[in-house]
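In case you want the letters, here they are:
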Amino acid sequence: MLPVSHSNPRYDELTTWSNLLLAFQRASRGKRGHPNVAAFEYHLEDNLLALQAHLRQQIYQPGGYVNFVIHEPKRRIISAAPFPDRVVHHALCNLIEPLFERSFIYDSYANRIGKGTHRALNRCQQFARRYRYVLQGDIRQFFPSLDHAVLRQILWGKVTDAQVRWLIDQILASGAHVLRDEYEMVWFPGDDLLAALRPRGLPIGNLTSQFWANCYLNPFDHFVQRELRCLAYLRYVDDFLLFSDDPAQLWCWLAQIEARLARCRLTLHPQAQPRPVGKGIAFLGFRVFPDRRRLKRRKGLHFQRQLLRLIQAYADGAITLDQLTASVQGWVNHTRYGNTVGLRKAVLTARVIPPPTVPGKRPKQI
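Described below are features of the structure shown in this document. Residue positions within a chain follow its written sequence, with the count starting from 1. Note on the predicted model: pLDDT of at least 70 is required for a residue's local features to be given, and 80 or more for side-chain atom pairs to be given and counted; whole-chain, interface and lining totals, by contrast, use all residues. For side-chain calculations, the full set of non-hydrogen atoms in the structure is used, while hydrogens and water are omitted.

1. Some remarks on the side chain of R200
Only runs of H or I of at least four residues qualify as helices and only runs of E of at least two qualify as strands under DSSP, and these elements are numbered from the N terminus. Note on placement: R200 falls in the loop between α9 (162-174) and α10 (207-227). The side chain of R200 sits in the buried core without any salt bridge; D147 is the nearest counter-charge, 4.7 Å away. Polar contacts, as used here, are pairs of N or O atoms within 3.5 Å; protein pairs need one atom able to donate a hydrogen and one able to accept it. Residues neighboring in sequence count only if both atoms are side-chain atoms. Engagement of the side chain of R200 in a polar contact is seen with the backbone oxygen of A195, the distance being 3.0 Å. The contact rule is simple, with two residues in contact once any of their heavy atoms fall within 4.5 Å. Those residues within four positions of R200 in sequence are excluded, and the remaining contacts are P144, S145, L146, D147, H148, A176, Y183, M185, A195 and R265. Relative accessibility thresholds used throughout: buried, under 20% of the residue-type maximum; exposed, over 50%; partly exposed, between the two (1.4 Å probe, protein chains only). Charged residues are defined here as Lys and Arg on the positive side and Asp and Glu on the negative side; His and the ends of the chain fall outside this count. Salt bridge, as used here: a side-chain nitrogen of Lys or Arg that lies within 4 Å of a carboxyl oxygen of Asp or Glu.

2. Describing the packing of helix α4 (residues 44-56) against helix α5 (residues 83-101)
The angle between two axes is taken between their N-to-C directions and runs from 0 to 180 degrees, where each axis is a line fitted to C-alpha atoms and a helix contributes only its stretch in contact. For the pair α4 and α5, interaxial distance at closest approach is 11 Å and the crossing angle is 65°. Judged by the twist between their axes, the crossing of α4 over α5 is right-handed. Contacts between α4 and α5 involve L48, L51 and L55 from the first element and P84, V87 and V88 from the second. Tallied by class, the residues present in the contact of α4 with α5 amount to six nonpolar, no polar and no charged. Two helices that cross are described as forming a left-handed crossing if the nearer one is turned anticlockwise from the farther one by less than a right angle, and a right-handed crossing if clockwise. All amino acids are sorted into three groups, where Ala, Val, Leu, Ile, Met, Phe, Trp, Tyr, Cys and Pro are nonpolar, Asp, Glu, Lys and Arg are charged, and the leftover types, Gly among them, are polar.

3. Concerning the packing of aromatic side chains
The geometry of an aromatic ring pair is captured by the separation of the ring centres together with the interplanar angle, meaning the angle of the planes. Stacked, tilted and edge-to-face are the three classes assigned to paired rings of Phe, Tyr and Trp, where Trp is represented by its six-membered ring and a pair needs centres within 6.5 Å; plane angles under 30 degrees give stacked, over 60 edge-to-face, the rest tilted. Summed over the entire model, instances satisfying the criterion amount to eleven aromatic pairs. Where Y11 meets W166, the ring centres are 6.4 Å apart and the plane angle is 80°; that geometry is what we call edge-to-face. Residue Y11 is found in helix α1 (residues 11-14), and its partner W166 is found in helix α9; the two are separated by 155 residues along the sequence. The same class applies to Y11 as to W166, namely buried. Summarising the aromatic geometry, the rings of F220 and Y233 are spaced 6.4 Å apart at their centres and angled 75° between planes, so their arrangement reads as edge-to-face. A residue pair is termed long-range when its members are at least 10 positions apart, and F220 in helix α10 and Y233 in strand β4 (residues 233-236) qualify at 13 residues. Taking the relative accessible area as the measure of exposure, F220 reaches 1% and is therefore buried. Judged by its relative accessible area of 1%, Y233 falls in the buried class. Each member of the aromatic cluster is reached from another via a ring pair, and the members are F220, F223, Y233 and F240.

4. Structural notes on the pattern of salt bridges
Where side chains of opposite charge bring their charged atoms close, a pairing between them can arise. Counted according to the given criterion, the structure contains eleven salt bridges. Note that E182 and R75 form a salt bridge whose closest N and O atoms lie 2.9 Å from each other. In this pair, E182 is assigned in the loop between α9 and α10 and R75 in the loop between β1 (66-70) and β2 (76-80), connecting sequence segments 107 residues apart. Look at R75 and you get partly exposed, because its relative accessible area is 44%. Several salt bridges share partner residues, and in doing so they unite D147, D191, R198 and R265 into one network.

5. Some points on unusual backbone geometry
Although it is not a glycine, Q141 adopts a positive phi angle of roughly 35°. Residue position: Q141 is located in the loop between β3 (133-138) and α7 (142-145). Judged by its relative accessible area of 18%, Q141 falls in the buried class. In this structure, L284 is a non-glycine residue whose phi angle is positive, near 55°.

6. Regarding the sheet that holds strand β6 (residues 274-276)
The strand order across the open sheet formed by four strands is β4-β5-β3-β6, and the pairing between neighbours is antiparallel. Bordering the open sheet on either side are β4 and β6, each of which pairs with just one other strand. The average angle at which neighbouring strand axes cross in this sheet is 25°, direction not considered. In terms of strand pairing, β4 meets strand β5 (residues 239-244) through four bridges, oriented antiparallel. From the neighbouring strand, L234 faces β5, where its bridge partner is L241. In this scheme, strands are said to pair when DSSP sees at least two bridges between them.

Structure follows, in structure tokens:
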């Protein structure tokens, strides 16, 4: 992490050579074989110097996004920024993330060092063993709904440098249109007709979007813990859980939560209601019970379809055996955090991997 010696980091710290080089290293981690990353690295010094000059002169303009759609677990538009912009995103987060990280609650688990899905699952099961009921909330159209004015108010509370604010505004404006068609207008008390024109939405896939999503909901996290005094609460992105032994208490909290989220211009999915933990909690791809975890059925079916495609791609010479193995190992590493030994055996022993159809032909890289 870039050393920041004071609580109000300055823009000139963001544009130092050491910070931009660190930002490149983080943005390129695991991606150095990608053509756009390799092209940037081929002239690394020149590219970083050009980026540094544009930032220092405040003539930096983010490029356009490349969008693609995924359908697992639900339809979402993923946006990829040009690689130089990803370097800038890392440079910005290197500078300001420590300011906000200190204020995040312990039980916020998304996109934070030392947290993640598996620790969130462990914490969920720990609470399920201590309490009888859970209130699970899921925010509707979360990333398309994030309001830029609300976000700025939160960020400006800690970011005071005018030039750092300028860069944040540049990044925000560059993604304001990406999810516009995904947003279904919601009217809040006090809105006029101009509310429909409020800039909103953060591109899914940006490092800054992941970080700012945590910033956006950080005041809500503190509301739940300090004002509602919920002793068992955790959140992963826009999915959150509150535990209690009293379902009436959870119903009361639900009404207050809906009112608090409305102040952030957010709404809950209507199915939020208290449930017994013994019926299982659908969370992060698993169904979590006090004494066990099961992989969601659709997750298992999705991987079986993906495995068939990977095996066919290997047989056609489109991917290497190492690439096929890495994909399978990634799934195994995730599912082993549940009670899935039987499922893994059934899935992995049901398929025979044929040899490539053209022996000796070098597989294409994907």
